[in-house]
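One letter stands for each residue in the lines below.
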Amino acid sequence: MITQYAGIAPKGDLLLLQKLGEKLAGRSFLHINSTRSGGGVAEILNRMIPFLKELGIGARWEAIEGNSRFFDITKKIHNALQGNVEKITDEMWDYHLEINRKNSKEIDLHADALLIHDPQPAPLIEFRKDGKWIWRCHIDLSNPQKDVCDYLTKYCKKYDSAIFSVAKFAKALGIDEFIVPPSIDPLSEKNREFTDQEINEALLKFNIPVDRPAILQVSRFDRFKDPIGVINAYRMVRRYNDSILILAGSPATDDPEGEMVLNEVREFAANDPDIYVLLLPPFSDREINALQRVATVVLQKSLKEGFGLTVSEAMWKGKPVIGSAVGGIPLQIIHGVTGFLVHSVEGAAFRIRQILNNPEMARRMGERGREYVRTNFLITKQIRDYLAVWYSMENKGRSILEL
Amino acid sequence: MGEEGIEPFEFRQCTSILKSTGMKAKNLRELRDRIATASDDSIFHHTYQYFLKGHILEYTNDFAQWAGESLEERALSEHLSNVDPYAFREISDLRQELLRVIDGYFSVFPEPREAIPGDEFYFNETVTLIFPVGMRARNLAEFLMALKYIDSGSIYYHFYEARVRLGSGIDDFSLWMEDALGKRELAERIRAIDLFIHSIEGIREHLTMAIEKELRKEMEFPGVER
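Residues numbered from 1 in each chain as written. Chains lettered and ligands numbered in written order. Predicted model: local features only at pLDDT ≥ 70, side-chain atom pairs only at ≥ 80, totals over all residues.

Student: Is there a simple way to explain the overall build of chain A in this structure?
Tutor: Along its length, chain A carries 14 helices and 13 strands. Taken against the 2.2 N^0.38 rule, which gives 22 Å for 403 residues, the C-alpha radius of gyration of chain A at 21 Å falls within 12% of a compact globule. With respect to the principal axes defined by its C-alpha atoms, chain A has extents near 60 × 50 × 35 Å. The buried share of chain A, taken over its 403 residues, is 50%. (Helix = DSSP H or I, 4+ residues; strand = E, 2+ residues; numbered from the N terminus. Rg over C-alpha atoms; globule rule 2.2 N^0.38 Å. Buried ≥ 20, exposed ≤ 12 C-beta atoms within 10 Å, placed from the backbone.)

Student: Is there a simple way to explain the sheet that holds strand β5 (residues 161-164) of chain A in this structure?
Tutor: Backbone hydrogen bonds hold the strands of a sheet together, and the pairing may be parallel or antiparallel. Reading across the sheet, the nine strands line up as β2(A)-β1(A)-β3(A)-β4(A)-β5(A)-β6(A)-β1(B)-β2(B)-β13(A) and stay open at both edges, with mixed pairing between neighbours. At either end of the open sheet lies a strand with only one pairing partner, and these are β2 (58-63) and β13 (400-402) of chain A. The mean angle between the axes of side-by-side strands here comes to 25°, regardless of whether they run parallel or antiparallel. The sheet contact formed by β13 of chain A and strand β2 (residues 121-137) of chain B spans three bridges and is parallel. Bridge pairing in β2 of chain B places I400 of chain A opposite T128 of chain B. Running over the sheet, helix α7 (residues 152-165) of chain B touches β1 (9-25) and β2 of chain B and is turned about 85° from β1 of chain B. (Pairing = 2+ DSSP bridges. Axes fitted to C-alpha atoms, helices over the stretch in contact; angles between N-to-C directions. Contact = placed C-beta atoms within 7 Å.)

Student: How do you make sense of the nonpolar core when you look at a structure like this?
Tutor: Across soluble globular proteins, nonpolar side chains have a tendency to be buried as a group. Formed by 142 residues in total, the largest nonpolar core has its most connected members in L114, I134 and I352 of chain A together with Y156 of chain B. If you tally residues by element for this core, the top one is helix α14 (residues 379-394) of chain A, at seven residues. Look past the residues within four positions of L114 of chain A in its chain and what remains in contact with it is L30, I32, G131, W133 and I134 of chain A. Among the nonpolar cores identified, the runner-up in size contains 22 residues, and Y59, F63, L76 and L94 of chain B belong to it. (Core = buried A, V, L, I, M, F, W, Y, C linked by C-beta atoms within 7 Å.)

Student: Would you mind showing me how to read the interface of chain A and chain B here?
Tutor: Interfaces are frequently sized by the accessible area removed from exposure as the parts join. In this complex, chain A contributes 28 residues to the contact, which on the side of chain B involves 25 residues. At the level of secondary structure, the elements contributing two or more residues to the side of chain A that touches chain B comprise α1 (11-24), β6 (176-179), α14 and β13 of chain A. Considering each element in turn, the side of chain A that touches chain B owes the most residues, five residues, to α1 of chain A. Taken together, the residues of the side of chain A that touches chain B sort by class into 16 nonpolar, five polar and seven charged. (Nonpolar A, V, L, I, M, F, W, Y, C, P; charged D, E, K, R; others polar.)

Student: I would appreciate a short explanation of α14 of chain A in the present structure.
Tutor: Within an α-helix, residues lying three or four positions from one another point in the same direction, as the helix has 3.6 residues per turn. Look at α14 of chain A: 23 Å from first C-alpha to last across 16 residues, which is about the 22 Å you get at 1.5 Å a residue. In terms of residue burial, α14 of chain A counts as a mostly covered element, since 13 of its 16 residues are buried. (Expected span 1.5 Å × (residues − 1).)

Student: It is not clear to me how helix α12 (residues 345-356) of chain A should be interpreted in this structure. Could you clarify?
Tutor: Taking 1.5 Å per residue, twelve residues should reach 16 Å; α12 of chain A reaches 17 Å between its end C-alpha atoms and fits that length. For α12 of chain A, the full list of buried residues reads A348, A349, R351, I352 and I355 of chain A.

Student: Would you explain the domain arrangement of chain B in this entry?
Tutor: Residue and element names in this part refer to chain B. Per the domain assignment, the segments making up chain B are domain 1 (9-13 + 131-220) and domain 2 (16-125). In this structure, domain 1 and domain 2 have C-alpha centres spaced 29 Å apart. Facing ten residues of domain 1, the contacting portion of domain 2 comprises seven residues. At six residues, the largest contribution of residues to the side of domain 1 that touches domain 2 is made by α7. (Domains from an automatic or database assignment.)

Student: Looking at this model, I keep getting lost on the packing of helix α1 (residues 28-37) of chain B against helix α5 (residues 91-108) of chain B. Mind explaining?
Tutor: Between two packed helices, what matters for the description is the angle formed by their axes and the separation of those axes. Residue and element names in this part refer to chain B. Orientation of α1 relative to α5, taken along the N-to-C sense of each, is 160°, at an axis distance of 9 Å. Regarding the angle of α1 to α5, the classification is roughly antiparallel. The element α1 and its partner α5 pack so that their crossing is left-handed. Two secondary-structure elements touch here, α1 through L28, R32, I35 and A36 and α5 through R95, L98, L99 and I102. In the contact of α1 with α5, the residues fall into six nonpolar, no polar and two charged. (Parallel < 35°, antiparallel > 145°, perpendicular 65-115°, else oblique. Left-handed = near helix turned anticlockwise from the far one by under 90°.)

Student: Which parts of the structure should I look at to understand the domain arrangement of chain A?
Tutor: Residues and elements named next belong to chain A. For chain A, the domain assignment lists domain 1 (2-183 + 378-394) and domain 2 (196-376). One C-alpha centre belongs to domain 1, the other to domain 2, and the line joining them spans 27 Å. The partner domain 2 presents 23 residues to the 24 residues of domain 1 that form the contact. Counting residues per element, the side of domain 1 that touches domain 2 draws most heavily on helix α3 (residues 68-81), which supplies five residues.

Student: Sorry if this is basic, but what is going on with the environment of L331 of chain A here?
Tutor: Residue and element names in this part refer to chain A. Of note, L331 is situated in helix α11 (residues 329-332). L331 sits 24 residues away from F307 along the chain, and the two C-alpha atoms are 8.5 Å apart. In this structure L331 touches V166 and P181, once residues within four positions along its chain are discounted.

Student: Whenever I open this one, the sheet that holds strand β9 (residues 275-279) of chain A confuses me. Can you help?
Tutor: Residue and element names in this part refer to chain A. One open sheet accounts for six strands, arranged β9-β8-β7-β10-β11-β12; its pairing is parallel. Of all the strands in the sheet, the pair left with one neighbour each is β9 and β12 (339-342). Adjacent strand axes in the sheet meet at a mean angle of 20°, parallel and antiparallel pairs treated alike. Here strand β8 (residues 244-249) runs beside β9; their pairing, made up of five bridges, is parallel.

Following this line, the structure appears as C-alpha cells:
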C-alpha cells in the first residue's frame, strides 16, 4: 500500500513512515470513534487502518454503540463545544458516561496506544487498562460554551496527551497537546483521478447540466455549514453570471438534526430548477469525486468548522476554493494564492463572480492549491504525525529525536 | 581532485510535530510578556523554524507575521522581520533582541489595537524528528542530482538548521564543498545566498544554479585546478 503513494506523497513523509513503522512494528494501536460511516473521521480511519497494518502495526478500529438518546446528547455537546447555547443536564452527562461504560465492556481496551476520537467516546478514559491514551479532538473548540467544555475537560485531563487540528483549538489541559491537521487520501474513491467517462457515469443519475458553470458545496446538511447562506450567495451571483448551484451531502448516523436542516434547505431553494440539492447515501465517494471534478468553483461557507476537509479535497482536484475564515479553513486556503477566504454571504458572492470571470486565475489557484495539499494535507502525513506523536510520547521530555 | 578518499555527503532530513504550549497573546503587550517567559523551544520554533513551514515569504518569523497580518502594524512587522536569529549564539540573546524591538516600538507608536478574537498569537513548540534520506553524494554532479530529488525538509535541515547545530553559522552544504571537495569559491558563493529572502524552493534553485555553473566550468576546462 505504501508504494502506491510513491510519486504522489512527499518522499520524506514515506521515508519517515517506514522509519517509525520499524520502531513501532508489532505494537497495538486502537482507534475508537462513534460512527463507521459519514464524516471525515470515519473516512480517514477506513483508509488509515490498513495502512498501519501494512507497516506492521497491530491497528484496530472500534466504533462505540449508542441509541438515539445518546447521540442526541452528544450532538448537543458537540454544538455547545462549537459555541451554540445548549443545556446539558447532570442526567445527560451521566447517560453519556453510562453508554461509554457499556461500550467499555464490549470493546477490548487493551492496546499499546489508543486514539479516542472526539467527545462521544471521551469518557472511555475512566475505564482505561493500559497503554498510552490520546484524545483526538477534530472539532472547533475556539469558542466553546464554558460549562460544557469544563465538564469534558475533566475527562481530557486524564489522558496522556491530546491532539487538536489547529493550534487555536488547544486548551490548557496540563497534558502534552499536539497539533495535527487531518488529511485526505489521494488514492481513495473520493480523490483518485477519474476519466471523463467515469465522471459522466457517476453523474448520470443527477441530470446535472454541464453547459453552465457549476458552483458546488459538499457537506453534511448542518446549520454550521450554512447551506442557506450558500443559496443566498448563489442568488446574488446569478444576477450577473448564468450558473447552477449544487449542494451535496451525506447523512451521518450520529447527527439527528440532518433531516431537519435538509428540509429547510429544500424549502429555501423553492424548486429553483438551477439549484440541485442532492442527499447522497453514505459512501457516495464516487459521486462526490465526480461532482468536485465538474465544478467550476467550490465553496465551504461554514460558520463553524473543525477543519473542513472538503476544502482540501477540492484543492486536490485543482479547483479554486472559496471558504469562510473559520476553523481550519485558513490553514488550507492562503487568501489570493490557493483560494479566497470570505467573511460574509456578500464576500462569497463577489469571489464566486471573480473566479467565474477569470478562468486563468482560477487555473493558477487550482494548481497552487493542489501542491499545497500534496505537501501538507495528505493521509501519509497524518499517519506519520500520529506515529510521531506516539513515538515522542515514548521518548517524553526530548524535543529532538534521531531515527 | 579524484573521488578516492572523499567523504560522501549524507543527506538527512528533519520534520517537526507541533505542540501547543497553551499560551496565547491577544495584543502586543501580551505578546511581549509571553516572549519574555516562553520556553527556548517556543522562541526557536517561531523564529528559526519559520522557514520550515513553506510560507509564501513576506516576513521572516511568526512574530513579524502576526504583527503584520493580525495587528496590522506594518512598521513593527518590518522591524521584527529584520531580526536575524542566526546572528545570536543563544536563544536568550535573540529573546532580548525581540523584546528590545517591541519596547522600541512602544516608545514611539501608540498602543496597537487587539487582535480579532480567534486571531490571537498561539505559542507553540515542536518535537523534531531527524532521519537519513537514504541518499549520498560522492561528487558535485551526484550532489546536484540529489538536490533535485530531496524534500524541502532536507534543505531546511542542512541549510538552515545546520547553522544552529554547528554553532558556526555555516550550512552543511558549503562546509562539505569546502572541506571534502576543496571548492572554497563555490562554498563562498553558497554562503552568500540570503536565507531570509528566499523560500526553501528558492534556495534549491539558487543552490542548483551555483553548482551547475561550477560543473559547467569544470567541463569546459577539464583538468584545470581551481
